Amino acid sequence: MKPPQVALIGGGMIAHDQILPSLFHLQRQGVIGELSVCAQHGRTVRALAEAPAIRKAFPTQSFRSFPSGDSGPHPNLYKSVLADLPPRQIAVIALPDQLHYEAVRTALELNQHVICVKPFVLNARQSEELEREAKARGLLIGVEYHKRFDDRSLMARRRYRDGLFGEFKLGCAVLMEKWYYRHSNFQNWCTTENSDAFTYIGCHYVDLVHFITGLLPVSVSVYGIKDRYPNGNEGYLWADARVVWNNGACLNVQNSLSFPDSAPGTNTQGLTMYCSGGDTGAWLQHDDQYRGLRYAYVRNPGGPGATQFAEPSPDYFQYVDLGGPGLAPVGYGYKSIDFLVRECLRLEAAAPETRGKLLDQIDETGVVATPANSRFNELVMEAGRLSILNGGKEVVIEYGEKPGVRFRG
Ligand SMILES: NC(=O)c1ccc[n+]([C@@H]2O[C@H](COP(=O)([O-])OP(=O)(O)OC[C@H]3O[C@@H](n4cnc5c(N)ncnc54)[C@H](O)[C@@H]3O)[C@@H](O)[C@H]2O)c1
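Bear in mind that the values here come from a model prediction, so they are computed numbers and not experimental data.

Student: Would you mind showing me how to read the packing of helix H7 (residues 151-161) against helix H9 (residues 197-213) here?
Tutor: A pair of packed helices is characterised by two quantities: the angle between their axes and the separation of those axes. Direction vectors running N to C along H7 and H9 enclose 45°, while the axes themselves pass 7 Å from each other. With respect to each other, H7 and H9 are oriented oblique. Where H7 approaches H9, its residues Ser153, Leu154, Ala156, Arg157, Tyr160 and Arg161 are matched on the opposing element by Leu208, His210, Phe211, Ile212 and Thr213. For the contact of H7 with H9, the per-class residue count stands at six nonpolar, three polar and two charged.

So, in structure tokens, the structure goes:
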């Protein structure tokens, strides 16, 4: 089988930090073939092609650029890039949240497998529609929740499902991004009417608690605190969410853009779960920011949020020197892309009449987040938005034939 072509749609932060280098590494190993990158502006794609960290890691590799010159914006160019691919290749969607639905739908209609960054889409109705479209065509949609591929998540999942933690009862999760985010492009879109700290980053730990336990969230209330960005726009920059699960367990999730720029590490984050089994308690604690490394450099290494005293994570995404050429990406950011791409290949290698069954198995296994097995994330987002805009009122999630959300009572 010829290695598939891959089109990466979107050339921003996540494309630079994780997705493009992961795809280049797969290309280097012969797993994928030609690579295209499409953004709205030529300058974005050029910046990606010239990015020093990527050039250093992949000195001999390149991608086809769309748009090629300095022109832009070209909001619909990605449609022709996807149309120019032969059918049943791979589209990787790394666009802003509100554009995922349209881009995924376009890719599916052109018979392409899809890997999409989180959050998949903005509501459960869109997720159901796209799932139907993909299944009818024997195509995979993999949602890129990369924390699932952190070995500690997989360890916890296995042990929980072996009964070692008993039953989850209470927990808390924290993910605070650095203060300087307020000065970035965030201030133009992450405003009260569009999003909030819980919607943007809370989904990671809601997804992980499901991934570990198999439980489903049934109600959400989110208390948000408004704050002003430097440009005067207002956002819910602090959020405290209570997520109740279908066994009655409760997870508290705190999110903000508040972690001091002077603090080590790119953010602070972690998960604690208190559980019970028989006549004893059980406890799970993941410190997801501090992973045991403390570095004090002779100078600040530079880059957004960098500090002279640092606590780098070796686990998400790092480049290591394995003797060249260039550098090799390691960590769960790479592993996640590798896994999703190989699932597309597995599906493509299967006889067409067996693909439906294989897709059902992928849903059922639940390692790859698919629309079918991670739709609760869309419902939590819908419920969270309704709640935060109504002063933290409790919103109930309903599953079944017509999944949806409503205020309690
Ligand atoms: N931990 C995670 O899983 C994680 C982390 C960061 C971002 N994300 C998600 O990734 C997505 C992108 O985030 P980002 O931080 O890279 O954003 P970004 O703003 O840095 O990049 C977005 C890119 O999309 C491009 N774009 C916008 N409209 C386009 C169009 N019509 N056609 C082609 N390109 C277009 C822009 O040019 C830009 O290159 C978001 O959905 C975000 O939530 C996920």
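Student: Sorry, what's going on with the site of the ligand here?
Tutor: For the ligand, the set of nearby residues contains 21 residues, the closest of which are Met13, Ile14, Pro75, Asp97 and His100. Here the ligand has 850 Å² of accessible area as a free molecule, and 84% of this is covered by the chains. Looking at the shell around the ligand, its residues break down into 11 nonpolar, eight polar and two charged.

Student: How should I be thinking about the nonpolar core in this particular structure?
Tutor: Across soluble globular proteins, nonpolar side chains have a tendency to be buried as a group. Formed by 46 residues in total, the largest nonpolar core has its most connected members in Phe168, Phe198, Trp245, Leu251 and Leu271. The greatest single-element share of this core, amounting to 10 residues, is contributed by H9. Contacts of Phe198, omitting those with residues within four sequence positions, involve Cys203, Val206, Val220, Val222, Ala239, Ala241, Val243, Val253, Asn255, Val380 and Gly384. Formed by 40 residues, the second largest nonpolar core is a distinct cluster that contains Ala15, Phe317, Leu340 and Val368.

Student: Whenever I open this one, the side chain of His210 confuses me. Can you help?
Tutor: For His210, the location among the structural elements is in helix H9. If we skip the residues at most four places from it in the chain, His210 touches Arg148, Arg161, Leu215, Leu216, Trp245, Asn373 and Phe376.

Student: Please explain the sheet that holds strand E7 (residues 167-178) as it appears in this structure.
Tutor: Note on sheets: strands pair through backbone hydrogen bonds, and any given pair is parallel or antiparallel. Within the open sheet, the eight strands sit side by side as E12-E11-E7-E10-E9-E8-E17-E18. Their pairing is mixed. Every interior strand has two partners, whereas the edge strands, strand E12 (280-287) and strand E18 (404-407), have only one. Averaged over all adjacent pairs, the angle separating strand axes in this sheet is 20°, with direction ignored. Relative to strand E10 (residues 250-259), E7 runs parallel, the two being bridged by nine bridges. Each bridged residue has a counterpart across the sheet, and for Val174 the counterpart in E10 is Gln254.

What counts and what doesn't
Residues numbered from 1 in each chain as written. Predicted model: local features only at pLDDT ≥ 70, side-chain atom pairs only at ≥ 80, totals over all residues. Heavy atoms only, no water. Axes fitted to C-alpha atoms, helices over the stretch in contact; angles between N-to-C directions. Helix = DSSP H or I, 4+ residues; strand = E, 2+ residues; numbered from the N terminus. Parallel < 35°, antiparallel > 145°, perpendicular 65-115°, else oblique. Contact = heavy atoms within 4.5 Å. Nonpolar A, V, L, I, M, F, W, Y, C, P; charged D, E, K, R; others polar. Near = heavy atom within 4 Å. Areas by Shrake-Rupley, 256 points an atom, 1.4 Å probe, with all protein chains shown as cover. Core = buried A, V, L, I, M, F, W, Y, C linked by side-chain atoms within 4.5 Å. Buried < 20%, exposed > 50% of the residue type's maximum accessible area, 1.4 Å probe, protein only. Pairing = 2+ DSSP bridges.

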